[in-house]
Structure formats: C-alpha cells, structure tokens
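Here's the letter readout for the chains.
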Amino acid sequence: MASSSESGDSNMDREMILADFQACTGIDNIAEAITLLELNNWDLVAAINGVIPQENGILQSNFSSEASQASMYGPPSQSEAADAAAGGAVPPTSSSSSSSSPPSSSTSAFCPSNSSSSRHIVERQPRMLNFRVEYRQRTVELVLEEGSTVGEIKQILETELGVPVSKMQLKGWKSGDVSDSTVMRSLHLPKNNSLYVLTPDIAPTASTSKNSALQESLNQNFLLVISHREAQRDYSLNFPGSRTIQEVKRNVSDLTNIPVRHQQWEGWPASATDDSMTLAVSGISYPCHHLSVCRRSSPANSQEPTEECADVHMVSDSEGDDFEDASEFGVDDSEMFGMGSSTCRKSPMMPENSENEADALLHFTAEFSSRYGETHPMFYIGTLEAASQEAFYGKARDRKLLAIYLHNDDSVLSNVFCSQMMCADSIVSYLSQNFITWAWDVTKEVNKARLLTMCTRHFGSVVTQTIRTYKTDQFPLLLIVMGKRTSNEVLNVIQGNTTVDELMMRLMGAMEIFTAQQQEDIKDEDEREARETVKREQDEAYRLSLEADRKKREAQEREEAEQVRLEQMRKEQEEEKEAIRLSLEQALPPEPDEDSGEQISKLRIRTPSGEFLERRFLGSCKLQVLFDFVASKGYPFEEFKLLTTFPRRNITQLEPGSTLLEAKLFPQETLFLEAKE
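These numbers were taken from a predicted model, which means no experiment stands behind them.

Next up on the list: the overall build of the protein. On a plain count of helices and strands, the protein comes out with 20 helices and 16 strands. Taking all 677 residues of the protein together, 40% fall into the buried category. The contacts of the protein with a sequence gap of at least 6 include a subset with a gap of at least 24, amounting to 64%. Within the structure as shown, the protein displays about 37,900 Å² of accessible surface, and the carbon and sulfur contribution to it stands at 49%.

Set out below in structure tokens:
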C-alpha cells in the first residue's frame, strides 16, 4: 500500500510539473511537453531553460528583484507578502498569469502557475548550446555551456574523432573563422548549430569516400537562380557549399528588402528541413538550382478573424452543442468557420483546368501557405505516380510512407484541420521525416473526378470506392499508403474530425507497420545484393581466368611463330652458305700433281674442331684461292682468320692478290683456323 501511495504521489507531482512547464513555456502539445521534461529527467528548471533562451529565460531572484517585481505588478497581497518573506517569488497578477504565451524578459523570473513548485526562487542556469558536428562518415552531437571556448570543443572532438587538434579545422561559424580562445558567448550563437571538421593534412581512406564527396561538396560553388516573383526579377547568386540556408535567406533579404520571417520560398528540396543546414547537405541540385521567393501574405489580411469572416482554430468537445444550435440564430456553418464569404476565400486551393498536376500542386502549396502560414508539411510537387515512385521504389532503406492529403473547402472541418493539425510543429516534423506528402483539392467535381481516375490507375478500384463513400463534411482526409512488392496498400484513412494527439498516434501506428515491413525488405535486399555481389565476383574471376588463358595462348602462339621464323631463317642462311660453298668449290683450280715440274706449295690447315685440311697449290696461286678453298670447307673468310704457327702471322690480313710464294707459304706450311671475335 505504501508503494502504491508513493507511486500516486509521484504521478501527482509529475502532473503538477507538467502543468507548470506548459504554463511557463506556452507549449500546448502535451506529448511534446512530456518529451522535453523526460529529456531533463523531469527537472522543471532545466527543461524551461532548455526551451526559453537565456535572455528570455529564468533569471536569478533575490530580495531586491522581488521588490522591483512587486512594484511592477502592484502591492502584493498578504499571502504573497508571506510568501516573499519566506523566500518565495511573488507571482504576477492574474492578468499576466492567464496568458499562455511564453513570459517576456521583464516577467520571465516568474512562472504563470498557481502551483507551489513554480513559486520558489530559481537560480540562473547557464545557457546551453547544441552542436551537430560532421566529419567524414561520423556525426558528433555536443552540448556545451555558452561560456566555453572553441578550443574546448576541439578537445572534445579530438577524443571523439581521434583527430589531433593541430590538424583540425572547425568550420561553419556564422561569423567566419574563429580562434581557439574565442568564447562562444561573444559569437551570439543560436541554440542549435551545425559545424563540420576539415582535415586537409589527413588523407582520406577508402572507408571515407562518402565524406570525401561531402568535403568536396562543401568546397564547391552552387549557383542559385532566385526568382523574386513580385519584382519579376531573377538573381543569380554563387554560394559555397559551406554556406547555410539561413545565410542565403539573409542575403536575399538584403537584395529584396523582404525580412527572413516574411519570406515565402518555393523550390527547396524536401531534405532541407533545417535552416542551419549547409547547401552541400541540403539536397539542392549541383551546379545550378532554381528557387523563387515572395513576401508572405500578412496574417492580419488572411487569417485574422473579423466580424464577417471568423476562423475557428480550435473546437472542443463541449462546443459541439453550440454549433448544432447555431442555425437557430440564422448563422450558417460555413460562415462560422470562415468559409462562406467570398472575401474570406481569395482563390480556390486548386484551379479547375490545370494543364498538369505539378502546376496544380504549386498553386495548392502557395494558397495553403497564404491561408495557414509557412509551417506546413512539404507537399510533393509532381504527379501521384512520381510521388509513389519516390516513396516506394527506391532502395529499401530510403523508402517512406505516402501520405495523401485530400482537401475540401466545402467542409467545415477543413480550416480547423489545416490550422491546428497540419500546421502543428510535431505533425509537420513527423511527416517531413517519415512520409512523402502529396495533396489534392476535391472541392471542384472536375478535380475530384481527376483524382479518382489517378487513384484507380495506381491503387485500384477499392481505394477509389472508399474515397467515394466519404461525405463532404467528413473531409479533409489523410490517406496513409504503404508500398508492397505486388501492390500498394492503404493502411489508414484519417478523417478531419480528429485531434493532434490522435493524429500523431495513428501516424505512429502506421509507421510501426511500415517499419516492420521495411526491415524485412532491407533484409531481403541485403541478401539479394550479397548474392549479386558473389555472382559478380565469380563472373569477374571467370572473366579474368579467360583473359589470362587467352593471353597465355597468344604468348605461346607468338613464341611458336617466332621459333618457326628463326628456324626458317636458319635454314635459309645454311642453304645460302651451302650454295656459296659449292660455288667456291667449283671455282677452285684443280689441285696440281707433285711431279708436274712446277713449284708446288703443300699446305696443312688445322680446323677449330681439330681436323686437318691438306691440299697442294701452285706457288704462283693467289692467296684468294687459298681463302676460297677454306671457305668451301665451311670456314668463310668473314668469320674465320688463317694464322701461321711460328712466327704467328695473320694471313687473312695480307693482300688477297699476293701469291703463296710472296706470302712465304712455300714449299709447305702448317696453318690453323681461328674464329674472329
């Protein structure tokens, strides 16, 4: 029983903290408030300081500040004076406490709540800054006090990334490059910041190829062709990839005199969800991207309620009876919701006879922004088929759900649904991250028939018939479609009579179903890619093997051809030598007889193989005859030299026209052959 009572007290305390937190910050969304409190472990002060900037946050209180606050709000009551004497903060008057907006700088020391937990004096908490630092394939999230220095960030990054501080360049500061000793308070930074690290002295490895591409994109120049619709003028501006979207908007503000908060843009990709993103990672086209900008319509002209045209932004359950009885006073439903007067609706959400779907959706997006402001889902500009392709037919990891928003101006729920649900920050953020959102206006019968034709073609007759069954007062509709292997399936149809929490729950339920299917698809895709990779590797190995065999065979064929050629040349040379030898042998004079009575020279010649050649010559024979005789035996004059034994003489160096007698090779002589070097 004790544990159950403690649990009940804990739940009661958390309910009080939640109520105080919503009163102090003005956050109406309960789910968002609970999330912020859980991030701070239900520490009320830390959660409030995390939401409200320091200059508008919870200030330190003392006795003098209590006195000044007391003088500002008038004399305190007796109970308030008692609280002040006890050390508690004096609460503001009832008029200030009833406001649901965040407290101003003059009253931010107090939380407009009647609970005792919000009445104590709260000490000043240091302002915390969030940093998202990108380096190659890694992203590091940091939270530091505003009084920290740039060098402290680098020291933390050195531990996280393993990159020495001396080789690290920290880029992305709004004011340009800063030194390590710079205190971040002096830079006047926003709460959320995006930075990136460059390491030009560290060569990227194969595993950092994606980051190399990112660094290359950061160094590239992007040409933004920005069309100022009101002035009918185009600006061609060059920006480095490291420039943020916020900086681009500030530069355009200087050119067009349209403040950033009043700029209405078209052309930014769906991935550009944060103005602190750099152009390199925003998803814009390289090297040129087209954008358009104009001044946003004043809320006072488009949404501010008047006597003739009043927009009802929130309908509670208790007000239903009032609306049912409104006809008793002669007030039409459409007039109550700001839908009946022609002065209230400047133009239809979508023209009847658009040439193509893209033009119709551009008009729809512009009109939606004009009516309900810039905070809305990023509507896909293109055909329903293109939106389906974008959502369903990419890689499994990149697939998303398709949210089809169907608008009908004739429904009394449209204005509330658009302003309260479709423009809620939590819904916009969730749709942008997890869905491809495509919209269509079915107010006109022509456009509705066109939609039904498209749905029949892409989703089948069942979806078309489902849309037909809904009546006008049940619109707008939000269809959640999931792509499957064989067909597309409508997971949910959300009608206009819903709340933000219910809408979020149904979106999250659809995401759970989609995530389970996506995990299976990712697994199947990974297995298929693994099989294809193995097959590609096997095919490549087989191709390389065939290539190696082909080269080996060609080399062998070349070698054999070369051997045949050399053998042929050798034979031709031998035949040529043999022919020369025979011709020389036939041209030799006959060998003289010993008893011929003439001077006879008898020569004995030793060959390199050790054999001896013997022949008689007339003493009057020329040395050329001797050379021809030796050549006829296979020892040509060009390759061998003829030497005497003693004294050693090279006979081949003598004049071939000399006689044997003149060469002193008479009456007999022994010679030997030696190959020339």
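On we go from here.
Judged by pairing direction, the sheet is mixed, and its 4 strands sit side by side in the order S2-S1-S4-S3 without closing on themselves. Edge positions in the sheet fall to strand S2 (138–145) and strand S3 (169–171), since each of these pairs with one other strand and no more. Across the sheet, the mean angle from the axis of one strand to that of its neighbour is 30°, orientation sign disregarded. As paired strands, strand S1 (residues 128–135) and S2 are joined by 8 bridges and run antiparallel to one another. By the bridge assignment for S2, Leu129 is matched with Leu144. Contacting S1, S2, S3 and strand S4 (192–198), helix H7 (residues 150–161) crosses the sheet at an angle of about 140° to S2.

Before going further, it helps to spend a moment on helix H15 (residues 414–422). Extensive coverage of H15 is indicated by the burial of 9 of its 9 residues. All of the buried residues in H15 are Ser414, Asn415, Val416, Phe417, Cys418, Ser419, Gln420, Met421 and Met422. On its buried face, H15 sits against helix H13 (357–372), strand S9 (401–407), helix H16 (425–434) and helix H19 (500–587).

Counting residues in each nonpolar core, the largest one holds 57 residues, and the members touching the most others are Phe368, Leu402, Trp438, Trp440 and Leu507. When residues of this core are assigned to their parent elements, the largest contribution, 7 residues, is made by H19. Sequence-distant contacts of Trp440, that is, excluding residues within four places in its chain, are made with Met350, Glu357, Ala360, Leu361, Phe364, Tyr405, Leu406, His407, Asn447, Arg450, Leu451 and Met454. Membership of the second largest hydrophobic core comes to 21 residues, among which are Leu588, Cys621, Leu626 and Phe629.

Its location among the elements puts Gly283 in the loop between strand S7 (263–266) and strand S8 (288–295). Given the relative accessible area of 45%, Gly283 is considered partly exposed. Along the chain, Gly283 and Ala272 lie 11 residues apart, while their C-alpha atoms are 6.7 Å from each other.

Following Phe475, the chain continues into Pro476 via a peptide bond in cis, with omega recorded as 0°. Structurally, Pro476 can be placed in the loop between helix H18 (461–469) and strand S11 (477–483). Along the chain, Phe666 connects to Pro667 via a cis peptide bond; the corresponding omega equals 0°. One can find Pro667 in the loop between strand S15 (640–644) and strand S16 (668–675). For Asn41, which is not glycine, the phi torsion reads 55° and is therefore positive.

With that settled, the discussion passes to the pairing of S11. Within S11, 7 of the 7 residues are buried, leaving the element largely enclosed by the surrounding structure. Going residue by residue along S11, you find Leu477, Leu479, Val481 and Gly483 tucked away on one face and Leu478, Ile480 and Met482 tucked away on the opposite face as well. Across 5 bridges, S9 lies against S11 in antiparallel orientation. Within S11, the residue paired with Ile404 across the bridge is Leu479. Bridge count for S11 against strand S12 (residues 488–494) is 6 bridges, and the pairing is antiparallel. By the bridge assignment for S12, Leu478 is matched with Ile494.

Another point: the pattern of salt bridges. Pairs may arise between side chains of opposite charge once their charged atoms sit close together. On inspection of all chains with the given rule, the structure shows 30 salt bridges. Residue Arg581 pairs with Glu578 through a salt bridge whose shortest N-O separation is 2.6 Å. Of this pair, Arg581 and Glu578 both sit in helix H19, 3 residues apart, roughly one helical turn. For Glu578, a relative accessible area of 34% puts it in the partly exposed group. In this structure, a network of salt bridges that share partners links the residues Arg127, Glu146 and Arg185.

It is worth spelling out H18 at this point. Taken together, the buried positions of H18 are Val463, Thr464 and Ile467. One face of H18 carries all of its buried residues, which in axial projection span an arc of 100°. Exposed and oriented more than 90 degrees from the buried face of H18 are Ser461, Val462 and Thr469. Among the structural elements, S9, helix H17 (445–459), S11 and S12 are those in contact with the buried residues of H18.

This part covers the sheet that holds S15. Strand order in this open sheet of 4 strands is S14-S13-S16-S15, and the pairing throughout is mixed. Among the strands making up the open sheet, the edge pair consists of strand S14 (612–618) and S15. Pairs of neighbouring strands in the sheet enclose a mean axial angle of 30°, with direction left out of account. As defined by bridge partners, S15 adjoins S16 across 5 bridges and the pair is classed as antiparallel. Within the sheet, the bridge partner assigned to Phe640 lies in S16 and is Ala675. Together, strand S13 (600–606), S14, S15 and S16 form the strand contacts of helix H20 (residues 623–632), whose direction differs from that of S14 by roughly 150°.

Their axes nearest at 10 Å, the elements helix H14 (residues 384–392) and H17 cross at an angle of 35°. Of the two possible hands of crossing, H14 and H17 adopt the one that is right-handed. Residues Leu384, Glu385 and Ser388 of H14 pack against Met454, Cys455, His458 and Phe459 of H17. Considering only residue class, the contact of H14 with H17 consists of 4 nonpolar, 2 polar and 1 charged.

Given two aromatic rings, their pairing is described by the distance between the two centres and the angle made by the two planes. Throughout the structure, instances matching the rule amount to 16 aromatic pairs. The interplanar angle of 75° and the centroid separation of 6.2 Å between the aromatic rings of Phe392 and Tyr393 together place this pair among those described as edge-to-face. With a relative accessible area of 7%, Phe392 lands in the buried category. Residue class for Tyr393 comes out partly exposed when judged on its relative accessible area of 48%.

Now for the pairing of strand S10 (residues 435–441). Within S10, 7 of the 7 residues are buried, leaving the element largely enclosed by the surrounding structure. Side chains Phe435, Thr437, Ala439 and Asp441 of S10 all project onto a buried face; the interleaved residues Ile436, Trp438 and Trp440 project onto the opposite face, where all are buried too. As paired strands, S9 and S10 are joined by 7 bridges and run parallel to one another. Considered in S10, the bridge of Tyr405 is made with Ala439.

Here is what the cut-offs are and how they apply
Within every chain, residues take consecutive numbers counted from 1 along the sequence as written. pLDDT decides what is reported in this predicted model: residues at 70 or higher carry local features, side-chain atom pairs at 80 or more are listed and counted, and totals for whole chains, interfaces and linings draw on all residues regardless. Side-chain numbers come from the whole structure's heavy atoms, not from hydrogens or water. Secondary structure follows DSSP: runs of H or I at least 4 residues long count as helices, runs of E at least 2 residues long count as strands, and numbering of each begins at the N terminus. The rule is simple: take the accessible area with a 1.4 Å probe, protein chains only, and divide by the maximum for that residue type; under 20% is buried, over 50% is exposed, in between is partly exposed. Whether two residues are in contact is decided by their heavy atoms: any pair within 4.5 Å suffices. For accessible areas, the Shrake-Rupley method is used with a probe of radius 1.4 Å. Any residue's cover is judged against the shown protein chains and nothing else. When DSSP locates at least two bridges between a pair of strands, those strands are taken to pair. A fitted line through C-alpha atoms serves as each axis, taken over the contacting stretch for helices, and the angle formed by two N-to-C directions is quoted from 0 to 180°. By convention a nonpolar core is built from buried Ala, Val, Leu, Ile, Met, Phe, Trp, Tyr and Cys residues, the set being connected through side-chain atoms within 4.5 Å. Take a side-chain nitrogen of Lys or Arg and a carboxyl oxygen of Asp or Glu: if they are within 4 Å of each other, that pair is a salt bridge. When we speak of the arc, we mean the arc of directions from the helix axis to the C-beta atoms. In this scheme the crossing of two helices becomes right-handed for a clockwise turn of the near helix relative to the far one and left-handed for an anticlockwise turn of less than a right angle. The classification used treats Ala, Val, Leu, Ile, Met, Phe, Trp, Tyr, Cys and Pro as nonpolar, Asp, Glu, Lys and Arg as charged, and all other residues, Gly among them, as polar. Working definition: a ring pair exists when centres of Phe, Tyr or Trp rings (six-membered ring for Trp) sit within 6.5 Å. Plane angles under 30 degrees give stacked, over 60 give edge-to-face, the rest tilted.

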